[in-house]
Amino acid sequence: MFQPTTFVVLGPDRVGKTTLVNNTYAFLKAKGQGKPQILHFSGPKEYHNSPIDQYIDPIAPINFEEVRYLICDRFGSEVCFYENFRRRLTISDEWAISAESFYDDISEEIHVFLVQRDWEWAKPHHIAELKQLHPSGTKYFLNQQLAVRKLEHEMYYDYMIDYLENKSILNYKAIAPSSPASTLFEFI
């Protein structure tokens, strides 16, 4: 079995993760050296028996003779953070470490990137999304939603940097893409 190169892209909402993932996918596809596969992880579903199932289930149907690159949009430690922040459910960091270990075992190499943007960079993207989601929202309502998002943004980095520095079994690199057309290959 061939082992893929795996990219993991971390970062709070509206910092450019998905754009970076999609740009990297398009770059690899154009390059024609083995198919890339995007995996997006957004939390356990009703059919999962444990938090780690969401990481293992999508791997089973992949033919690694064809798929040479896995590009993960979000990953284990983020699920631990978001389940706690948004749903007040505690998922042990051990689940995230198990997911890291699993992907480290199946990958030829694994690159973890933390997209770091300050709140002022992300704020206009949140405002645009809130206006789209709530076109008749009052200024008060939108400001309250924005305040929650700011708190989440700040707490995300507090949690994630502590996790990556003190708990994760993988090395990571903090990045801040300078162009909307950036790919992950610029940071390896």
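The structure displayed is predicted, hence computed values, not measured ones.

> Mind showing me how you'd approach helix α5 (residues 119-133) here?
The α-helix winds at 3.6 residues per turn, so residues separated by three or four positions along the chain end up facing the same way. Over its 15 residues, α5 runs 20 Å from end to end, which matches the ideal 21 Å to within 8%, given 1.5 Å per residue. Inspection of α5 places Trp119, Ala122, His126 and Leu130 among the buried residues, and these make up the whole buried set. Where α5 is buried, its residues meet α6 (139-166).

> Looking at this model, I keep getting lost on the layout of surface pockets. Mind explaining?
Any empty space left between the atoms is revealed when a probe the size of a water molecule rolls over them. If you add up the space inside the largest pocket, you get close to 400 Å³. Forming the boundary of the largest pocket are 20 residues, of which Val15, Gly16, Lys17, Thr18 and Thr19 lie nearest the centre. Classifying every residue of the lining of the largest pocket gives five nonpolar, nine polar and six charged.

> Help me out: how do you make sense of the pairing of strand β4 (residues 109-115) in this one?
Every regular strand shows the same layout, with side chains that alternate between the two sheet faces. Counting buried residues in β4 gives six out of seven residues, a clear majority hidden from the surface. In terms of strand pairing, strand β1 (residues 5-10) meets β4 through six bridges, oriented parallel. The residue of β4 that forms the bridge with valine 9 is phenylalanine 113. As defined by bridge partners, β4 adjoins strand β5 (residues 172-175) across four bridges and the pair is classed as parallel. Within the sheet, the bridge partner assigned to phenylalanine 113 lies in β5 and is lysine 173.

> Explain the packing of aromatic side chains to me, please; I cannot follow it from the model alone.
Remark: the centre distance and the inter-plane angle together describe each pair of aromatic rings, the angle taken between the planes. Inspection of every chain in the model, using the stated rule, returns 17 aromatic pairs. Their ring planes at 25° and their centres at 6.5 Å tell us that phenylalanine 7 and phenylalanine 113 sit as a pair that is stacked. Here phenylalanine 113 lies in strand β4 and phenylalanine 7 lies in strand β1, a separation of 106 residues in the sequence. Ring geometry for phenylalanine 81 versus tyrosine 82: centroids 5.1 Å apart, planes at 75°, classification edge-to-face. On the basis of relative accessibility, which here comes to 6%, the residue phenylalanine 81 falls in the buried class. Note on tyrosine 82: relative accessible area 6%, which makes it buried. Feature note: the residues Phe81, Tyr82, Phe85, Tyr156, Tyr157, Tyr159 and Tyr163 constitute an aromatic cluster, connected by ring pairs. A cation sits over an aromatic face here: arginine 88 above phenylalanine 85, 6.0 Å from the ring centre. Directly above the aromatic system of tryptophan 121 lies the positively charged group of arginine 117, at a separation of 4.0 Å from the ring centroid.

> What exactly am I supposed to notice about the nonpolar core here?
In globular proteins that are soluble, nonpolar side chains generally tend to be buried together. Counting 48 residues, the largest nonpolar core has Leu10, Leu70, Phe75 and Tyr103 as its most contacted members. Broken down by element, this core gets its largest block of residues, six residues, from α6. If we skip the residues at most four places from it in the chain, phenylalanine 75 touches Val8, Leu10, Phe41, Tyr55, Ala99, Glu100 and Tyr103.

> What should I look at first to understand the packing of α5 against α6 in this one?
The description of two packed helices rests on the angle between their axes and on the distance between the axes. Orientation of α5 relative to α6, taken along the N-to-C sense of each, is 140°, at an axis distance of 10 Å. As summarised for this structure, α5 and α6 are arranged oblique, according to the angle between their axes. Between α5 and α6 lies a crossing whose hand is right-handed. Here Trp119, Ala122, Lys123, His126, Ile127, Glu129, Leu130, Lys131 and Leu133 of α5 lie close against α6, whose contacting residues are Leu142, Gln145, Leu146, Arg149, Lys150 and His153. Among the residues making up the contact of α5 with α6, the classes are represented as seven nonpolar, three polar and five charged.

> Any chance you could explain empty space enclosed by the protein here in plain terms?
Inspection of the entire model under this criterion finds two cavities of 30 Å³ or more. Around the largest cavity, the lining residues are Val8, Leu10, Phe75, Ser77, Glu100, Val112, Leu164, Ser168, Leu170 and Asn171. Classifying every residue of the lining of the largest cavity gives six nonpolar, three polar and one charged. Here the second largest cavity is characterised by a volume of approximately 40 Å³. In terms of lining, the second largest cavity is formed by Pro51, Ile52, Tyr55, Gly76, Val79, Cys80, Ile91, Trp95 and Ala96. Listing elements by their share of the lining of the second largest cavity, those giving two or more residues are α3 (76-87) and α4 (93-106). Counting residues per element, the lining of the second largest cavity draws most heavily on α3, at three residues.

Rules behind the numbers
- Residues numbered from 1 in each chain as written.
- Predicted model: local features only at pLDDT ≥ 70, side-chain atom pairs only at ≥ 80, totals over all residues.
- Heavy atoms only, no water.
- Helix = DSSP H or I, 4+ residues; strand = E, 2+ residues; numbered from the N terminus.
- Expected span 1.5 Å × (residues − 1).
- Buried < 20%, exposed > 50% of the residue type's maximum accessible area, 1.4 Å probe, protein only.
- Contact = heavy atoms within 4.5 Å.
- 1 Å grid on protein atoms, 1.4 Å probe; cavity = no way out; pocket = protein on both sides within 12 Å on 5 of 7 lines; lining within 4 Å.
- Points joined across faces, edges and corners; volume = space filled by probe spheres on them.
- Nonpolar A, V, L, I, M, F, W, Y, C, P; charged D, E, K, R; others polar.
- Pairing = 2+ DSSP bridges.
- Phe/Tyr/Trp six-rings, centres within 6.5 Å; stacked < 30°, edge-to-face > 60°.
- Lys NZ or Arg CZ within 6 Å of the ring centre and 35° of its normal.
- Core = buried A, V, L, I, M, F, W, Y, C linked by side-chain atoms within 4.5 Å.
- Axes fitted to C-alpha atoms, helices over the stretch in contact; angles between N-to-C directions.
- Parallel < 35°, antiparallel > 145°, perpendicular 65-115°, else oblique.
- Left-handed = near helix turned anticlockwise from the far one by under 90°.

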